[in-house]
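# Fold and contact review
Here is how the chains run, residue by residue.
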There are 4 protein chains.
Amino acid sequence: PMNASTESALLLAAERQARYAAVRSHSVALAAPLSAEDQCIQSMPDASPTKWHLAHTSWFFETLLLKPHGAGYRTPDPAYATLFNSYYEQLGPRHPRPQRGLITRPDLAEVHAYRAHVDAAMEALLAAPLEAELAFLVELGLHHEQQHQELLQTDILHAMSMNPLRPAALPQAPRATEAGQPFAWIEQAGGEAWIGHAGPGFAYDNEGPRHPVWLQPYRLGNRLVTQGEYQAFIADGGYRRAAFWLSDGWATVQAQGWTAPAYWLPEGADGQPEGIYTLRGVEAFRPEAPVLHLSFYEAAAYAEWAGARLPTEAEWEAAATGPQAAALHQLHGVAWQWTRSSYDPYPGYRPWAGAVGEYNGKFMVSQLVLRGSSLATPPGHARDSYRNFFPPAARWQFSGLRLAQDA
Amino acid sequence: PMNASTESALLLAAERQARYAAVRSHSVALAAPLSAEDQCIQSMPDASPTKWHLAHTSWFFETLLLKPHGAGYRTPDPAYATLFNSYYEQLGPRHPRPQRGLITRPDLAEVHAYRAHVDAAMEALLAAPLEAELAFLVELGLHHEQQHQELLQTDILHAMSMNPLRPAALPQAPRATEAGQPFAWIEQAGGEAWIGHAGPGFAYDNEGPRHPVWLQPYRLGNRLVTQGEYQAFIADGGYRRAAFWLSDGWATVQAQGWTAPAYWLPEGADGQPEGIYTLRGVEAFRPEAPVLHLSFYEAAAYAEWAGARLPTEAEWEAAATGPQAAALHQLHGVAWQWTRSSYDPYPGYRPWAGAVGEYNGKFMVSQLVLRGSSLATPPGHARDSYRNFFPPAARWQFSGLRLAQDA
Amino acid sequence: PMNASTESALLLAAERQARYAAVRSHSVALAAPLSAEDQCIQSMPDASPTKWHLAHTSWFFETLLLKPHGAGYRTPDPAYATLFNSYYEQLGPRHPRPQRGLITRPDLAEVHAYRAHVDAAMEALLAAPLEAELAFLVELGLHHEQQHQELLQTDILHAMSMNPLRPAALPQAPRATEAGQPFAWIEQAGGEAWIGHAGPGFAYDNEGPRHPVWLQPYRLGNRLVTQGEYQAFIADGGYRRAAFWLSDGWATVQAQGWTAPAYWLPEGADGQPEGIYTLRGVEAFRPEAPVLHLSFYEAAAYAEWAGARLPTEAEWEAAATGPQAAALHQLHGVAWQWTRSSYDPYPGYRPWAGAVGEYNGKFMVSQLVLRGSSLATPPGHARDSYRNFFPPAARWQFSGLRLAQDA
Amino acid sequence: PMNASTESALLLAAERQARYAAVRSHSVALAAPLSAEDQCIQSMPDASPTKWHLAHTSWFFETLLLKPHGAGYRTPDPAYATLFNSYYEQLGPRHPRPQRGLITRPDLAEVHAYRAHVDAAMEALLAAPLEAELAFLVELGLHHEQQHQELLQTDILHAMSMNPLRPAALPQAPRATEAGQPFAWIEQAGGEAWIGHAGPGFAYDNEGPRHPVWLQPYRLGNRLVTQGEYQAFIADGGYRRAAFWLSDGWATVQAQGWTAPAYWLPEGADGQPEGIYTLRGVEAFRPEAPVLHLSFYEAAAYAEWAGARLPTEAEWEAAATGPQAAALHQLHGVAWQWTRSSYDPYPGYRPWAGAVGEYNGKFMVSQLVLRGSSLATPPGHARDSYRNFFPPAARWQFSGLRLAQDA
Ligand SMILES: [Fe+3]
Ligand SMILES: [Fe+3]
Ligand SMILES: [Fe+3]
Ligand SMILES: [Fe+3]
């Protein structure tokens, strides 16, 4: 990680302090509309309580920076080491993931106190110039926190969706913007392309090494698939016809009883959903808005129905960084875009050294790559080389799709 | 239910109002030490959040009394009818039981407001003399609330036990009292005995009809089995020797990995548990104190090991109401006592008419009867004819045992 | 068991040899129409392969009689001790029950050879007079084999029912006989009654001690409930109306999607099932024939719908042995009759000493008692004091019901 | 599929008949040592009974060739269409996969009769020259049958492994041959390489289109990893140290209690397994023999421990078809070799038209590619472009590994 961290090391201390404060305070601001009860619950093992996100991101700084490098640092409670470790085997035992929602104590105030305690110690640590290794870890901690800012939103949406009163979890959360363009195919020449992070700036280990790939000519949709387009798939029997689906996808449709994307209300008399549950509460179906909360299975089935396919991650990145990029709307900031690429390591990939090596590499199986970023991705966190990944049945993310075709 | 309700109808309105207020305020007092977060969580489908108990007991009055009989009564929220119905098929749909812990809204303040709203309307209803039927339903509602007062405690104990910090949920909760007597067998003559509620006063439908049974001579332990006695069973391989166990019990021991009663901490170097988790936090092992939190399987296995057996419910009741009752310590107020009786209907049993007929009768299969009452049973709720019931693997109640033998 | 065995000890050796041969050969005759493949499969953990039944009943004699008492006896294969032990913890390890259907070797011929080997050794053992203890074990082994003769039929019916070709497993199996009488209530006086086995002759330990019970006046149906009567329950929404069902029963109906008794084919245009799958293949719906293959839940729900209830086991036995017994048709030989009695121990019950103590006692929880006997019960195996038992959701037995009412 | 089928169409009828007869008779010969019981059972949903393999491969010819194109063809039983359809949604309903082992009827003789019936009709069909489309389907049917010849062996091995007697299922089955060479790295230059089937001859749709890839320089092990090498991994705590494992792999190790590859007997006093269960029964541990029956998780963990990695499928194919191929021992005929490549579609991949389009494409998610072929792969079935695929936890195949490294 030295390229990124070397650069980061050159930041002035004041700049780094300001950046730290900005990212950290954004987490608190995101959670502010939620009550202590809201922040405590967990609706499925894959999702975590808001309060846990607030604590875990602090634990990350405490464990990787303050305990080894913070002069005289003392934790408010040694039990936090276990309670707020997510999945790092090298960093000791972990509270069982499915039981995160039962931790009423420490309560929310104590978690805020934990954040303040960590922030004070970090402020001290950041007051002096940092060695490259530490500067890298600070930067990693901030990107990590930004990732959890997005998860905080997807997780509370899922949790609140279990409440039949359909409350508005975050009334000020952004609304998915419409592309405003008619659909068009944007042609891509193919041939040799280079993908992967090239620097400068921070990137996760899984975004490299940068390397050449060979692409056949292809085309990409100029925008995301819309709710209206997806509704046409449903109306055409999309969820009742096996022919469009991967075998596992079809089995999931049957087992889960899926008939529409996550958070769509039942169909009304007009054949359209009576609304869509969002962080802002129930909103109207908007035919021009991008469809969100699809699984990979659904995205792939839709593409099959539409006579198209999903792009590979290399196709996505090559196009997003190529000469036609400006014609591709909604690349970022609306919905993560499922690709037809399994989350395999890049050639020459090696995880970071140490405990942070568990950040990405150990999940490289049985997951699919999503590209772009979503309306919930915090500013400054998106990159064209970013490799997001989820299992194929996951629907609680802000995940949509962009079509591709062979040219 | 007319005997009980006729009697109840004769109460002066002021007496009934006072009784209503006393029972209702006790629920709130019990929950008072718990935070809103504490009151929201649910640790297993069998247990409910504190907040849900507070709301559901109010729903009971609202649904059975205020909606049909409260002049001009209006509910604060029609959704409560579904959210807070426990299991009454006749009273409409129900929020899924395993998801009670995800209801952050209504929040705790709203639930308190719901209670106040119901209480105000009930106060008005109770200001005038009541017909027998309504008087009965009021009395039932109060006994129902008392039952939930005990469940509120068992459920929060279970929920808090999932927190590795082992917090004290209710620091002022009562401690199980020691009998103070050496063990002795108390002989019972057997022969014809009458069991079941004979009035006067309230009883559940499942406590009748009163009827004769024929008992062989038997003897009962003069007190409950203690922690020290139970520890001797463990030390003798109690959890490793199939011979003591019912087949289902042995399978449960294997599947669950049981090695001690619920809430016992691991064994220390002295072969005793390092403590016992209670509502007051972790407390010391007390050899003279009664053992609590046993399943029926464990109670029966212990009895087998001890060369004894569990009493039948008829034996228990006949003794508790017989000439030797004074020699039987800890009949009430310490621990529910597992019996060797399945929860079958008494001869001639008919459930109450109407929706309240679902209160007890529909659970009469695959459960075992417990007799007595526990340290968590509210004052005035215990009866010698009371038939508590739980599945044989349940351990989260305040459940212990008293030995029996054929004479 | 000494009463029974003393008597049994007085049998002449030749009589006992003849009886042994008759019972043993009946098992082989029952299985004869089945191919080796048929005899190998297992369709659920509760049911066993035919071949396993043939082997396990031989293992019983080998283990309890031949190994300890058969001079110079040698087993054909020491592995059989584990393979064919059903559930006796005291008799060593057991092959996992759900994997009985994967034992293709020993093959059927080897199992027949095992039977012949055991039979030869038993013949030698039975040639001389037996001590009471051994005589008892021989008798127990024969009753045990008879029980498995019935299970062999219920289990192969279930296994074959999984084959969409609906083959006739045992084309010569008996057909449930119709009562031929119109329905009538037979009044029973109640009062003191004695139940439990009184000798002479063999009985299981769970049938004693004989003891008095006190019964309220009641009435019993003069015959079993018929297919036609049960169809009326279905037509009246029996499987769609929660009011008739115990809570666990209703949950089972939902979870399993039950809409009719086991083995009923779907409804035809006339509202009747298009047939009923039996050991003889698919047969026509016969309105006058007794309904079979009900769970306890269904039997209890039907009774509730019919304004009646199930009899207790004491009511059943008192009536079957009382002055009105001749008016009660179909007590034996047609269908086991669910009672409203949980399978609890009788007062003073102690299991037999030794390993055979595991025969009955350790299953005395979470099961319901069935009385009578069925068309699959072998001749000489039925008794009025017989306590058959199964969990409340079991439907693969030949289980029906007889109605009762309070008088 | 026209290239392959055009070529196939040029075969002389007699050649095609001979090839058909040879492949078909090989299936029967493989199963011949197994009894009817052996051929009936199914030990897990992923595996199928031998008898089912024999029938399903016949169903394939019947359904795709005889029913549409066999003049006057009549099936022996219309129910076979459902019973022996594996997963083709377009070809009608299917008997539930987990219940294949309960089909005792048709019995083995009837299945042999079915094969003979199909073979007679096919012989007639093959007597005349075939159009390209039909010639392709015949060829596909033969390759399909060959695939099932391998599965027949892996499935009966798994089924027989459930028998504690450890029988020899197929005493004449081949033994994994040892490489006989010391380990060496074989360097590969990298750069542009073409992978995918290039013809002539048959290939599955998933092996194309042939396309260029760009490879970094790398090296491959000259032979497969051996039992002895793998035992060193175990001895070094391989199954106890999370650091070597993918996250899902580590979770599987915990959940399944894995401590060694499938079919390894427990460790003896010398730290080596006391034997390895094979189709020939239990055989001695052979340190020089290739390790088999690994999951992808185990293969990847071993590679990590060994300071290496798994090759990608492109690396494997480029090396196997490159100038150094002769230095790479055991490419074929010993063990399938897990790659680090998820089973994603090749660029430009389109499934075959019609029902056979379900053959491969719909499984392209959550699986990993294996390359090479195994000791159970029938002669003539292996290809360097062959893409075998299984989920990452699968261990019942003849799956091993070859190491790779970045150069
Ligand atoms: Fe994290
Ligand atoms: Fe309640
Ligand atoms: Fe048995
Ligand atoms: Fe196939």
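Here the structure is a predicted model, which is why all the values come from computation and not from measurement.

Looking only at helices and strands, one finds 11 helices and 11 strands in chain A. Computed over C-alpha atoms, the radius of gyration of chain A comes to 22 Å, within 12% of the 22 Å expected from 2.2 N^0.38 for 407 residues, which places it in the range of a compact globule. Within chain A, the fraction of its 407 residues that count as buried is 60%. Measuring between centres, the 29 positive side-chain charges of chain A sit 2 Å from its 40 negative side-chain charges.

A few words on the relation of the copies chain D and chain A. Superposing chain D onto chain A takes a rotation of 180 degrees plus a shift of 0.0 Å along the axis, which leaves an RMSD of 0.0 Å. Given the turn and translation reported, the copies of this chain are related as if by a two-fold rotation axis. Residue S366(D) of chain D places its C-alpha closer to the rotation axis than any other residue of that unit, at 2.3 Å. Looking at the interface residues of chain D, 100% of them are also at the interface in chain A, so both copies use one shared face.

All names here are of chain D. Within the first shell, the iron ion (ligand 4) binds the protein through H56 (NE2), H144 (NE2) and H148 (NE2), at distances of 2.2 Å. Here the donor residues of the iron ion (ligand 4) share one chain and are spaced in sequence as H-x87-H-x3-H. With H56 in helix α4 (residues 50-69) and H144 in helix α7 (residues 132-161), the pair connects residues that are 88 residues apart, well separated along the chain. Each member of the pair, H56 as well as H144, carries the same accessibility label: buried.

Time to look at the interface of chain D and chain A. Reports often express the size of an interface as the amount of accessible area lost when the parts come together. Facing 31 residues of chain D, the contacting portion of chain A comprises 31 residues. Buried surface at the junction of chain D and chain A, both sides included, amounts to about 2,400 Å², of which 53% is carbon and sulfur. Three residues stand out in chain D for area buried against chain A, namely W214(D), R340(D) and V365(D), and they jointly supply 20% of the buried area on that side. Between the two partners, chain D and chain A, sit four salt bridges.

Residue and element names in this part refer to chain B. For the pair helix α2 (residues 13-31) and helix α4 (residues 50-69), interaxial distance at closest approach is 9 Å and the crossing angle is 165 degrees. When the axis of α2 is compared with that of α4, the two are roughly antiparallel. With respect to the hand of their crossing, α2 and α4 are arranged in left-handed fashion. In contact with Y20, R24, S27, V28 and A31 of α2, α4 contributes T50, L54, T57, S58 and F61.

The next thing to look at is the sheet that holds strand β10 (residues 399-400) of chain C. Note on sheets: strands pair through backbone hydrogen bonds, and any given pair is parallel or antiparallel. Residues and elements named next belong to chain C. The sheet built from four strands is open, its strands ordered β9-β8-β7-β10 with mixed pairing. Whereas interior strands pair on both sides, the edge strands pair on one side only; in this sheet they are β9 (388-390) and β10. Examined bridge by bridge, strand β8 (residues 368-371) and β9 share three bridges and lie antiparallel to one another. Paired with L368 across the strands is F390, a residue of β9.

In this section: the coordination of the iron ion (ligand 1). Residue and element names in this part refer to chain A. Those donors, H56 (NE2), H144 (NE2) and H148 (NE2), are the protein atoms that reach the iron ion (ligand 1), and they lie 2.2 Å from it. The sequence motif formed by the donor residues of the iron ion (ligand 1) is H-x87-H-x3-H. Highlighted residues: H144 and H148, both in helix α7 (residues 132-161), separated by four residues, approximately one helical turn. With respect to class, H144 is no different from H148; both count as buried.

Okay, the packing of aromatic side chains next. The full count for this structure, using the stated rule, is 156 aromatic pairs over all chains. On the basis of an interplanar angle of 65 degrees and a centroid distance of 5.2 Å, the ring pair of Y230(A) and F233(A) is categorised as edge-to-face. Residue Y230(A) and its partner F233(A) are both found in helix α8 (residues 227-235); the two are separated by three residues, about one turn of the helix. By the burial criterion, Y230(A) is buried, and F233(A) matches it. Summarising the aromatic geometry, the rings of W59(D) and Y88(D) are spaced 5.9 Å apart at their centres and angled 40 degrees between planes, so their arrangement reads as tilted. In this pair, W59(D) sits in helix α4 while Y88(D) sits in the loop between α5 (80-83) and α6 (108-126), placing the two residues 29 residues apart along the sequence. Side by side, W59(D) and Y88(D) carry an identical accessibility label, which is buried. Lying over the aromatic face of W52(B), R100(B) brings its terminal NZ or CZ to 3.7 Å of the ring centre.

All right, on to the arrangement of the chains then. For chain A and chain C, which are not in contact, the least C-alpha distance works out to 14 Å. With no contact between them, chain B and chain D keep their nearest C-alpha atoms 14 Å apart.

Read across the open sheet, the four strands follow the order β9-β8-β7-β10 (chain A); overall the sheet is mixed. The open sheet has two edge strands with one neighbour each: β9 (388-390) and β10 (399-400) of chain A.

With 30 residues of chain C at the contact, the number on the chain D side is 30 residues. Summed over both partners, the interface of chain C with chain D comes to about 2,300 Å²; 59% of that surface belongs to carbon and sulfur atoms. At the boundary of chain C with chain D, the tally comes to four salt bridges. Residues K51(D) and E37(C) are paired through a salt bridge, measuring 2.5 Å at the closest nitrogen-oxygen approach. Applying the counting rule to chain C against chain D returns 12 residue pairs in polar contact (both at pLDDT 80 or more). Here the residues of the side of chain C that touches chain D are counted per class, giving 18 nonpolar, seven polar and five charged.

Cut-offs used in this document
Residues numbered from 1 in each chain as written. Chains lettered and ligands numbered in written order. Predicted model: local features only at pLDDT ≥ 70, side-chain atom pairs only at ≥ 80, totals over all residues. Heavy atoms only, no water. Helix = DSSP H or I, 4+ residues; strand = E, 2+ residues; numbered from the N terminus. Rg over C-alpha atoms; globule rule 2.2 N^0.38 Å. Buried < 20%, exposed > 50% of the residue type's maximum accessible area, 1.4 Å probe, protein only. Lys, Arg positive; Asp, Glu negative; His and termini not counted. Charge placed at Lys NZ, Arg CZ, Asp CG, Glu CD. Least-squares fit on C-alpha atoms with pLDDT ≥ 70 in both. Contact = heavy atoms within 4.5 Å. Donors = N, O, S within 2.8 Å, 3.2 Å for Na, K, Ca; no water. Buried area = accessible area lost by both parts, 1.4 Å probe. Salt bridge = Lys/Arg side-chain N within 4 Å of Asp/Glu carboxyl O. Axes fitted to C-alpha atoms, helices over the stretch in contact; angles between N-to-C directions. Parallel < 35°, antiparallel > 145°, perpendicular 65-115°, else oblique. Left-handed = near helix turned anticlockwise from the far one by under 90°. Pairing = 2+ DSSP bridges. Phe/Tyr/Trp six-rings, centres within 6.5 Å; stacked < 30°, edge-to-face > 60°. Lys NZ or Arg CZ within 6 Å of the ring centre and 35° of its normal. Polar contact = N/O pair within 3.5 Å; in protein donor to acceptor, adjacent residues only side chain to side chain. Nonpolar A, V, L, I, M, F, W, Y, C, P; charged D, E, K, R; others polar.

Read these as spatial facts, not as claims about activity.
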